[in-house]
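Each chain is listed here by its residues.
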Amino acid sequence: LFIAEGNYLFPHARISVFSVKGEFLTSFSHQDMSGPRGVAIHGDNLYVTDTMVHSIFHFKIATDFPLIAKRGSFGQQIGKFNSPRNLAVSNNGDVYVTEYYNHRVQIFDSSLLHPRSLTQQLIDHPQDIKLTADEVYVLCDDNRCVHVFSHAGERLRSLISRGLQMQVTFPIYFCLDSAENIIISDYFTDRIKIFTKAGNLITTLGEGGHLPGMFHYPRGLALTKELSLVVVSWNENFCLQIFSCL
């Protein structure tokens, strides 16, 4: 498990590495990192977005995690960023990046070169992104919506169901299970909420608090290969919790 740490509240900018059981293994950083946010892995490639320096870092997964490349700077042109939030990597190695204030998703090759936009349509404050073989899921916090695109950029559908809008207040991270159910961390309600791929609420996990099984401002989440759910929240600074298979 690779977890990005560091922002204006916590000035140590680093990537911490844990086992799938939650055991701390190591951490690493780079002098140019200031606000690492999103993390994605493809083979032995590790990609990290940094919202403070408006860049993507490309590391090799090895003993000392050497930096391969740093791409991007502040701007609106293709290849530049304004608050890159999260990213995902396709099966062929293309890197998809959400940009919060440029309202778009950019796509790069595995070397973070040859950028292009997923679609010419504006995407309202995209936060997180997940990929399937055929589709691109983009989570937007302002309208509490998940937009679904083809990899060619065609908008296929938008999950703006009453259940999703009424049940989620401030979604910032999500993941998909094997049935493409949507698992969302809802920051202000201190809960994890699970929806069908049509946007209908299935169940909620947790409640506000600092005890095991409770959340205080849940943020990042992911499913392991064994389908255990990993949730990072601000319980007593930061807390990593692992839940048994869904």
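Residues numbered from 1 in each chain as written. Predicted model: local features only at pLDDT ≥ 70, side-chain atom pairs only at ≥ 80, totals over all residues. Heavy atoms only, no water.

S.K.: Pulling in residues and values, what's your account of the pairing of strand β6 (residues 55-60)?
M.R.: Counting buried residues along β6, 5 of its 6 residues qualify, which places the element largely inside the surrounding structure. Across 6 bridges, strand β5 (residues 45-50) lies against β6 in antiparallel orientation. Pairing of Leu46 across the sheet is with Phe59, part of β6. Direction of pairing for β6 relative to strand β7 (residues 67-71): antiparallel, over a ladder of 4 bridges. Counterpart to His58 in the pairing with β7 is Ala69. In this structure, the hairpin formed by β6 and β7 is closed by a connection of 6 residues, where Phe65 is found at a positive phi of approximately 45°. (Buried < 20%, exposed > 50% of the residue type's maximum accessible area, 1.4 Å probe, protein only. Helix = DSSP H or I, 4+ residues; strand = E, 2+ residues; numbered from the N terminus. Pairing = 2+ DSSP bridges.)

S.K.: Give a description of the nonpolar core that names residues and reports values.
M.R.: Of all hydrophobic cores here, the largest spans 12 residues; its members are Ile172, Tyr173, Cys175, Ile183, Tyr187, Ile192, Ile194, Phe215, Leu221, Leu229, Val231 and Trp234. In terms of residue count, strand β16 (residues 171-176) provides more of this core than any other element does, 3 residues in total. (Core = buried A, V, L, I, M, F, W, Y, C linked by side-chain atoms within 4.5 Å.)

S.K.: Describe the sheet that holds strand β4 (residues 36-42), with residues and values.
M.R.: What the 4 strands build is an open sheet, ordered β4-β5-β6-β7; its pairing is antiparallel. What marks the edges here is a single partner per strand, and that holds for β4 and β7. For this sheet the average axis-to-axis angle between neighbouring strands, irrespective of direction, equals 20°. (Axes fitted to C-alpha atoms, helices over the stretch in contact; angles between N-to-C directions.)

S.K.: Can you explain unusual backbone geometry? Please cite residues and give values.
M.R.: Positive phi, normally seen in glycine, also occurs at Ser83, with a value near 65°. Turning to its location among the elements, Ser83 is positioned in the loop between β7 and β8 (84-89).

S.K.: With reference to specific residues and values, describe the packing of aromatic side chains.
M.R.: Enumeration over the complete set of coordinates arrives at 11 aromatic pairs. Between Phe57 and Phe59, the ring centres sit 6.1 Å apart and the planes meet at 10°, which makes this aromatic pair stacked. Across the pair, exposure class does not vary: Phe57 and Phe59 are buried alike. Plain terms: the ring middles of Tyr100 and Tyr101 are 4.9 Å apart, the flat faces sit at 85° to each other, and that makes the pair edge-to-face. For Tyr100, a relative accessible area of 9% gives the class buried. A relative accessible area of 45% places Tyr101 in the partly exposed class. Taken together, the ring pairs connect Phe2, Phe28, Phe57, Phe59 and Phe65 into an aromatic cluster. The ring of Tyr100 has Arg85 sitting right over it, with the charged end atom 3.9 Å from the ring centre. A cation over a ring is seen here: Lys130 above Phe174, with NZ or CZ 5.1 Å from the ring centre. (Phe/Tyr/Trp six-rings, centres within 6.5 Å; stacked < 30°, edge-to-face > 60°. Lys NZ or Arg CZ within 6 Å of the ring centre and 35° of its normal.)

S.K.: Could you give me a rundown of the pairing of strand β14 (residues 145-150), with the residues and numbers involved?
M.R.: The buried fraction of β14 amounts to 6 of the 6 residues, a majority that puts the element mostly inside the structure. Burial along β14 is two-sided: the face carrying Cys145, His147 and Phe149 and the face carrying Val146, Val148 and Ser150 are both buried. Inspection of the sheet shows strand β13 (residues 135-140) paired to β14 by 6 bridges, in the antiparallel sense. Considered in β14, the bridge of Val138 is made with His147. Between β13 and β14, which pair antiparallel one after the other, the connecting turn spans 4 residues, and Arg144 there sits at a positive phi close to 50°. Bridge analysis of β14 against strand β15 (residues 155-159) gives 4 bridges, and the strand direction is antiparallel. Within β15, the position partnered with Val148 by the bridge is Arg157. Between β14 and the antiparallel strand that follows it, β15, lie 4 residues; Gly153 among them carries a positive phi value of about 100°.

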